[in-house]
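# Structure at a glance
Each chain, letter by letter, is given below.
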Amino acid sequence: MEEAAAMEVEEPKSKKLGLKNSIQTNFGNDYVFQIVPKDDWSSMAVSLSTKAVKLYSPETGQFQGECKGHSDTINQISFSVSSSSSSPHVLHSCSSDGTIRAWDTRTFQQVSCISAGSYQEIFSFSFGGSNDNLLAAGAKSQILFWDWRNGKQVACLEESHTEDVTQVHFVPDNRNKLLSASVDGLMCIFNTDGDINDDDHLESVINVGTSIGKVGFFGETYKKLWCLTHIESLSIWDWKDARNEANLLEARSLASDSWTLDHVDYFVDCHYPREGESLWVIGGTNAGALGYFPVNYRGVGAIGSPEAILGGGHTGVVRSVLPVSSMKGGLAQSQGMFGWTGGEDGRLCCWLSDDSTEINRSWISSALVTKPSKARKKKRHNPY
């Protein structure tokens, strides 16, 4: 059983620094890879370098249980978000052992396993399709498709990418469209209707020019696409027109120049609050400080001063950030919680605002404060 302890952290001399408390869970020498929430926020899953997934209460930090079974690095985890919502307790994970596994988080037992073969590695997966029946996976230079209802493989795309496919995402509001991204520097858009193949279903190709680490959609119609590369550059695209809107090759330097802390060494992720057109890039230092930097992707492109800084919680590289502003309920408003972070120091930190009514305004932009959701819905990262 893990133990969680509250820790008071002295606030640095900056009115934008707002860490007041953090709950830390120590995994020893283990890395925290990713933190994801259950749809109702009754639980959050944490993938570790031990090839296991542990579950905790986002509200209290209490340890709930552990899912074990993978034999190699876990590359992505996600709770079930099927349109039927018939299995919200199911957690999915993919691994370099070539499998995508499903876990019942009530019993912490494996309930299904899809294998791409022992020679494969699966780096990313996504559920979607016109009928929400497809499971897509990014593997070694291939994109694999299964009908998740029966576990039958229905397609394998092997001509569009020449290197590892690090990301696959079905497009929000366009569930028949799939985006893939790869170490080969390409992002591809596929139409997944009908019998999927490279020749007839590849709709567009975007050449980023360098190995791609993470991508995501944002904007009111999810027409825009952000892309973080393994050399820590950031670019913004209109995926429907395959048009580049901003290309910030020196994003780390731009972020570093906008605050007084150490040089920004890496980017963890981008944050989109599920409404509007605003985007933040989350940058970190090797010492564990984090900043939420607003991205101005119009015109020449710029990165502004951080609107939230999380300092004093981590002592190493941060791998994952789970902002409570991505939730649908009111946990953040009722308890003043900002979110959770995890990293290479083995710590799982909970970030809280102060009890005072003014604290949110003093350390975080109002644009980052949780709002009710609308109806619509380098070894730093191993292996990518």
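Positions within a chain are numbered from 1, following the residues in the order the chain's sequence is written. In keeping with the model being predicted, local features are shown solely for residues with a pLDDT of at least 70 and side-chain atom pairs are shown and tallied solely at 80 or more, while totals for entire chains, interfaces and linings include all residues. Note: side-chain values were computed over all heavy atoms of the structure, leaving out hydrogens and water.

## Describing the packing of aromatic side chains
Stacked, edge-to-face and tilted are the three classes for Phe, Tyr and Trp ring pairs, Trp counted by its six-membered ring, which pair at centre distances within 6.5 Å; planes under 30 degrees apart are stacked, over 60 edge-to-face, the rest tilted. Under the counting rule described, the total for this entry stands at 10 aromatic pairs. Here a set of aromatic residues connected by ring pairs shows up, and it is made of F218, Y222, Y272 and Y297.

## A few points about the environment of N286
By the secondary structure assignment, N286 is in the loop between β24 (280–284) and β25 (290–296). For the pair N286 and E344, spaced 58 residues apart in the sequence, the C-alpha separation amounts to 9.8 Å. The contact criterion used throughout is that any non-hydrogen atoms of two residues lie within 4.5 Å. Once residues lying within four places of it in the same chain are set aside, the contact partners of N286 are D265, Y266, T315, G316 and V317. A run of H or I in DSSP counts as a helix once it spans at least four residues, and a run of E counts as a strand once it spans at least two, with each numbered from the N terminus.

## A look at the side chain of S258
Mapped onto the secondary structure, S258 falls in the loop between α2 (251–256) and β23 (266–271). Relative accessible area decides the class of each residue, using a 1.4 Å probe on protein chains only: under 20% of the type maximum gives buried, over 50% gives exposed, and in between gives partly exposed. On the basis of relative accessible area, S258 is assigned to the buried category, the value being 15%. Pairing of N or O atoms within 3.5 Å defines a polar contact, subject to two protein rules: one partner must be a possible hydrogen donor and the other a possible acceptor, and residues neighboring in sequence count only if both atoms are side-chain atoms. A distance of 3.2 Å separates a polar atom in the side chain of S258 from the backbone oxygen of G304.

## A look at the side chain of S211
Mapped onto the elements, S211 comes out in the loop between β18 (202–207) and β19 (212–218). Residue classification places S211 among the buried positions, given a relative accessible area of 16%. Within polar-contact distance, the side chain of S211 engages the side chain of H230 at 2.5 Å.

## Quick word on the environment of L179
Here L179 is to be found in strand β16 (residues 174–182). When the C-alpha positions of L179 and V205 are compared, they lie 9.7 Å apart, and in sequence the two are 26 residues distant. The contact partners of L179, leaving out residues within four places of it in the chain, are Q167, V168, H169, M187, C188, I189, V215, F217 and L225.

## Here's the deal with unusual backbone geometry
One non-glycine residue, S141, lies in the positive phi region at around 60°. By the element assignment, S141 lies in the loop between β12 (134–138) and β13 (143–147). Phi is positive for D173, close to 70°, though the residue is something other than glycine. With respect to the helices, strands and loops of the structure, D173 is situated in the loop between β15 (165–171) and β16.

## Here's the deal with the sheet that holds strand β10 (residues 109–115)
Paired strands, as defined in this entry, are two strands with at least two bridges between them according to DSSP. Judged by pairing direction, the sheet is antiparallel, and its four strands sit side by side in the order β7-β8-β9-β10 without closing on themselves. Looking at the sheet topology across the chains shown, the edges are occupied by β7 (74–79) and β10. Neighbouring strand axes in the sheet, compared pairwise and without regard to direction, differ in orientation by 20° on average. Sheet analysis places strand β9 (residues 99–104) next to β10, joined by six bridges and oriented antiparallel. Following the sheet pairing, A102 is matched in β10 by S112. Interaxial angles span 0 to 180 degrees and are taken between N-to-C directions of axes, which are lines fitted to C-alpha atoms, for helices over the stretch in contact.

## Re the sheet that holds strand β5 (residues 52–56)
In a beta sheet, neighbouring strands are held together by backbone hydrogen bonds and run either parallel or antiparallel to one another. The four strands lie next to each other as β3-β4-β5-β6, forming an open sheet whose pairing is antiparallel. The outermost strands of the open sheet, each flanked by one partner alone, are β3 (32–37) and β6 (63–68). Here the average twist between neighbouring strands, direction ignored, is 20°. In this sheet, β5 lies alongside strand β4 (residues 44–48) in antiparallel orientation, the contact comprising four bridges. When the sheet's bridge partners are listed, S47 is paired in β5 with V53.

## A short note on the confidence of the model for the protein
You can read pLDDT as the predictor saying how much it trusts each residue, on a scale of 0 to 100. Across the protein, the average pLDDT comes to 83, with 80% of residues at or above 70. Ignoring residues within four places in sequence, the model shows residues 329–334, a span with pLDDT below 50, making 10 contacts including any to other chains. Below pLDDT 50 for its whole length, residues 354–379 participates in 56 contacts with residues either more than four positions away or in separate chains.

## Comments concerning the pattern of salt bridges
Every case where a carboxyl oxygen of Asp or Glu lies within 4 Å of a side-chain nitrogen of Lys or Arg is listed as a salt bridge. Throughout the structure, instances matching the rule amount to 13 salt bridges. Of the charged contacts in the structure, one is a salt bridge between D147 and R149, with a shortest N-O distance of 2.8 Å. When its relative accessible area of 56% is taken as the criterion, R149 is described as exposed. Note that E245 is salt-bridged to K224, the shortest N-O span being 3.1 Å. A residue pair is termed long-range when its members are at least 10 positions apart, and E245 in strand β22 (residues 243–248) and K224 in strand β20 (residues 224–229) qualify at 21 residues. The exposure classification of E245 matches that of K224, with both residues buried. Through salt bridges with shared partners, one network takes in K223, K224, D238, D241, R243 and E245.

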